[in-house]
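# Structural characterization, general
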Amino acid sequence: MKAFFYLFLILNLSACKESDENKNMYYEISGEIQSAPDSVLVFISNEHFKDSTLAINGHFSFRGQTDQPRKAMLSLKRKNEKRVFWLENSKISISGKYDELNFLEIQGGENQTITNLLWNQEKSVLRQMNDYSNQITSPNLDSYTKDSLSSAYQMEATKLEEIKKRFVWDNPNTLESAILLSVKRAEWNRDSVGSIFSRMNKKIQDSKYGKLTSEYLELRINPQIGDSYIDFSLKNNNDETVSLSQLKGNFTLIDFWASWCKPCRQENPNLIELYNKYHTKGFQIIGASMDRDKDKWIQAIKKDSLPWANVIDLVGPQSNNIFFIYNVKAIPDNVLINPDGIVIARNIRGVELKKSLEYLYHY
């Protein structure tokens, strides 16, 4: 089952009017989590700050100030579940059950109120997906039942995407929609993204994430077989800039991978064998990593003894990076380019890649 990772993104807002600033200078969070262990640590955090407090008999509170509305995340010590919410200078209430932190109910300021319109449509679908996921991981499950549950899970996931699309379409001039569209810009149909973006007002389009979507729509992306490659320049594991165009004139494989991707790592010995066989004839590989942890990426390169150029884009989905340009939706993935810079194959591995190179190099 394909895992989807939701990113924690932040939108810069223009300054509020002075009267609004005087009205709400602080955020005041009051929370109640039923059945929480006494004195458990509660955290709120984002890319700019982290704060914590103790929940006494399930009750906790925070008070502070934010220079602008920002997304934040609530979590508890020794619990994997997290709940994202809008941190705004307003009164914010959080309530729910310790065993269902993903489904905490949150009431807050203007942005949270808008986001709750989406949440109220999503939560029943998310609960169903969560239930299917728990059943799939159950031990001793027969393959037929597992496949049926996986299909049912995917149907709910598709339903969830439609809910998100409809929300952004119906509420284009909101910060939640600007963030959501930027997160989904490469997953959703490009024409649909363009249509939704055209409905947004200038303020939203000119915001940080509006610009991210706008830049994406202007990119030449997803070269098909027969198209020219799209160049990129990224840092390698020695902090040197490497460009794809440097390798033009050779058959070149762009290998999209990550240190945490088991199928990618399992394919590396096959790639090393082919690289050693054909590199003297000009065959090149450039590994483009999805890693967000540079140290783990470098460790994987060393452990797997990868002899070719390896690059990384640590900015990730907060920029229109190589994975957006080449429309990489899952890894492992790859693109094979001929000496003239034309894409001649996509996502070929194992025996298929071996046979392709045997044909190209005539041995």
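The structure reproduced in this document is the subject of the present report. What you see is a predicted model; the values in this text were computed from it and never measured.

As a further point, take the packing of helix α8 (residues 262-278) against helix α9 (residues 294-304). Orientation of α8 relative to α9, taken along the N-to-C sense of each, is 45°, at an axis distance of 11 Å. With respect to each other, α8 and α9 are oriented oblique. Remark: the crossing between α8 and α9 carries right-handed chirality. Along its contact with α8, which presents R265, N268 and I272, the element α9 presents A300, K303 and D304. Partitioned by chemical class, the residues of the contact of α8 with α9 number 2 nonpolar, 1 polar and 3 charged.

With that settled, consider the packing of aromatic side chains. If you walk through the whole model with that rule in mind, you get 10 aromatic pairs. A ring pair is formed by F60 and F62, whose centres lie 6.0 Å apart and whose planes are at 70°; its orientation type is edge-to-face. F60 sits in the buried class, given a relative accessible area of 5%. Taking the relative accessible area as the measure of exposure, F62 reaches 5% and is therefore buried. Their ring planes at 70° and their centres at 5.5 Å tell us that F251 and Y361 sit as a pair that is edge-to-face. With F251 in the loop between β10 (241-243) and β11 (252-257) and Y361 in helix α11 (residues 350-361), this pair connects stretches of sequence that are 110 residues apart. Comparing F251 with Y361, the two get one shared label, buried. Taken together through their ring pairs, the aromatic side chains of F232, F256, F323 and Y326 make up a single cluster. If you follow R63 out to its NZ or CZ, it ends over the ring of Y26, 4.2 Å from the centre. Stacked on the ring of W169, the Lys or Arg R199 has its end atom at 4.0 Å from the ring centre.

Here we take up the nonpolar core. Residues F232, I254, F256, F283 and Y326 are the most contacted members of the largest nonpolar core, which totals 47 residues. In terms of residue count, the dominant contributor to this core is α8 (6 residues). Leaving out residues up to four positions away in the same chain, F256 has contacts with C264, A288, I322, F323, Y326, V328, I331, P332, D333, N334 and V335. Counting residues in hydrophobic clusters, the runner-up holds 29 residues, among them W86, L149, M200 and Y209.

Conventions used here
- Residues numbered from 1 in each chain as written.
- Predicted model: local features only at pLDDT ≥ 70, side-chain atom pairs only at ≥ 80, totals over all residues.
- Heavy atoms only, no water.
- Axes fitted to C-alpha atoms, helices over the stretch in contact; angles between N-to-C directions.
- Helix = DSSP H or I, 4+ residues; strand = E, 2+ residues; numbered from the N terminus.
- Parallel < 35°, antiparallel > 145°, perpendicular 65-115°, else oblique.
- Left-handed = near helix turned anticlockwise from the far one by under 90°.
- Contact = heavy atoms within 4.5 Å.
- Nonpolar A, V, L, I, M, F, W, Y, C, P; charged D, E, K, R; others polar.
- Phe/Tyr/Trp six-rings, centres within 6.5 Å; stacked < 30°, edge-to-face > 60°.
- Buried < 20%, exposed > 50% of the residue type's maximum accessible area, 1.4 Å probe, protein only.
- Lys NZ or Arg CZ within 6 Å of the ring centre and 35° of its normal.
- Core = buried A, V, L, I, M, F, W, Y, C linked by side-chain atoms within 4.5 Å.

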